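Chain by chain, the residues run as shown.
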Amino acid sequence: AIELNVDDAKAHLRLGMALVYQNRQKEAEGSFQKALALAPDMVIIYRNYGALLVALKRWDEVESLSKKAFEIDPLDEQILYFLAQSQRHQGKLEEAYQSIARSISVSSLNAKYQAEYINIGTSFFIKNHFDRALEIYEKIIQLNPDIPIVHFNSGIVLSKLGRDKEAAGAFRKVIELNPEDRD
């Protein structure tokens, strides 16, 4: 048997990570909580605990944990991503938008954050906030103009706003970027 130093936050963190890998979430959560009690300023614990809570879809807890971690390190892109994701799932779209925008300003638009940014835009679209959705899609296009789905979504929003010529241009861009996919 392996002995665990009960006063070592990193040991509890590693144990929690191993337990997650073994699909023993409840025990992992206990290990992460012990690690945080021992080292409440260690952001890596928040990241791993947050990942577990995301997997469990416990969005209010993800948000609370992420806000605590944000106070420690406001430039941690993973924490900002978790915060945005939790806020979107709770319907807090403006807050989610602000969180993902901060994350992108810290790290650039990598694929994970790009997907969340698109999801936030889509959430605004679903709620008929077309101007806000378009603003988000335009920001993504500004950061990375080679994402066909963003041009497609932008075209739909432009069409809803009655800006048909611009919508047609967005749809042409989709075909230009992805000529094999004519759907």
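Structure report, in brief. None of the values given here were measured: they were computed from a predicted structure.

What counts and how
- Residues numbered from 1 in each chain as written.
- Predicted model: local features only at pLDDT ≥ 70, side-chain atom pairs only at ≥ 80, totals over all residues.
- Heavy atoms only, no water.
- Core = buried A, V, L, I, M, F, W, Y, C linked by side-chain atoms within 4.5 Å.
- Buried < 20%, exposed > 50% of the residue type's maximum accessible area, 1.4 Å probe, protein only.
- Helix = DSSP H or I, 4+ residues; strand = E, 2+ residues; numbered from the N terminus.
- Salt bridge = Lys/Arg side-chain N within 4 Å of Asp/Glu carboxyl O.
- Phe/Tyr/Trp six-rings, centres within 6.5 Å; stacked < 30°, edge-to-face > 60°.
- Contact = heavy atoms within 4.5 Å.
- Expected span 1.5 Å × (residues − 1).
- Arc of directions from axis to C-beta.
- Axes fitted to C-alpha atoms, helices over the stretch in contact; angles between N-to-C directions.
- Parallel < 35°, antiparallel > 145°, perpendicular 65-115°, else oblique.
- Left-handed = near helix turned anticlockwise from the far one by under 90°.

## Things to note about the nonpolar core
- In this structure, I100, I120 and I140 are the most contacted members of the largest nonpolar core, which totals 45 residues.
- The leading source of residues in this core is helix 3 (residues 43–55), at seven residues.

## Considerations on the pattern of salt bridges
- Tallied over the entire structure, the rule returns eleven salt bridges.
- Its salt-bridge partner being E29, residue R58 comes within 2.6 Å of it at the nearest N-O pair. Here the residue R58 occupies a position in the loop between helix 3 and helix 4 (59–72), and E29 occupies one in helix 2 (residues 25–38), the gap between them amounting to 29 residues.
- Here E176 makes a salt bridge to K173, at a shortest N to O gap of 3.1 Å. With E176 and K173 both in helix 10 (residues 164–177), this residue pair falls three residues apart, about one helical turn.

## A word on the packing of aromatic side chains
- Summed over all chains, the structure comprises five aromatic pairs.
- Between Y81 and F82, the aromatic rings sit 6.0 Å apart at their centres with planes inclined by 40°, giving tilted as the arrangement. Both residues of the pair, Y81 and F82, belong to the buried class.
- Ring centres 5.3 Å apart and planes at 55° place the aromatic pair F125 and F130 in the tilted group.

## Examining the environment of L134
- Assignment of secondary structure puts L134 in helix 8 (residues 130–143).
- Take L134: its relative accessible area is 4%, and that puts it in the buried class.
- It is 6.3 Å that separates the C-alpha atoms of L134 and V157, two residues lying 23 residues apart in sequence.
- Once residues within four sequence positions are removed from consideration, L134 is found in contact with S154, V157, L158, L161 and R163.

## Some details on helix 10
- Over its 14 residues, helix 10 runs 20 Å from end to end, which matches the ideal 20 Å to within 8%, given 1.5 Å per residue.
- When helix 10 is considered as a whole, its buried residues turn out to be A167, A170 and V174. Summarising the axial view, the buried residues of helix 10 lie within an arc of 60°, below the 170-degree limit, and thus occupy one face. The exposed residues of helix 10 that point more than 90 degrees off its buried face are K165, R172 and E176.

## Structural notes on the side chain of Q85
- Topologically, Q85 is positioned in helix 5 (residues 77–89).
- A relative accessible area of 10% means that Q85 is categorised as buried.
- In this view, Q85 contacts V54, W59 and E116; residues no more than four positions away in its chain are not counted.

## Description of unusual backbone geometry
- Phi angles above zero are rare outside glycine, and N23 is one such case at about 65°.
- A positive phi angle, close to 65°, is found at N128, a residue other than glycine.
- Inspection of the secondary structure assignment puts N128 in the loop between helix 7 (111–126) and helix 8.

## Re the environment of E180
- With respect to the helices and strands, E180 occurs in the segment after helix 10.
- Considering only alpha carbons, one finds E180 and L75, 105 residues apart in sequence, at a separation of 39 Å.

## Regarding the packing of helix 7 against helix 9 (residues 148–160)
- In the contact formed by helix 7 and helix 9, the axes pass within 11 Å of each other and the chain directions differ by 20°. In terms of orientation, helix 7 lies roughly parallel with respect to helix 9. In the packing of helix 7 onto helix 9, the handedness of the crossing is left-handed. The segment helix 7 lies against helix 9, with I118, T122 and F125 engaging I149, V150, N153, I156, V157 and K160.

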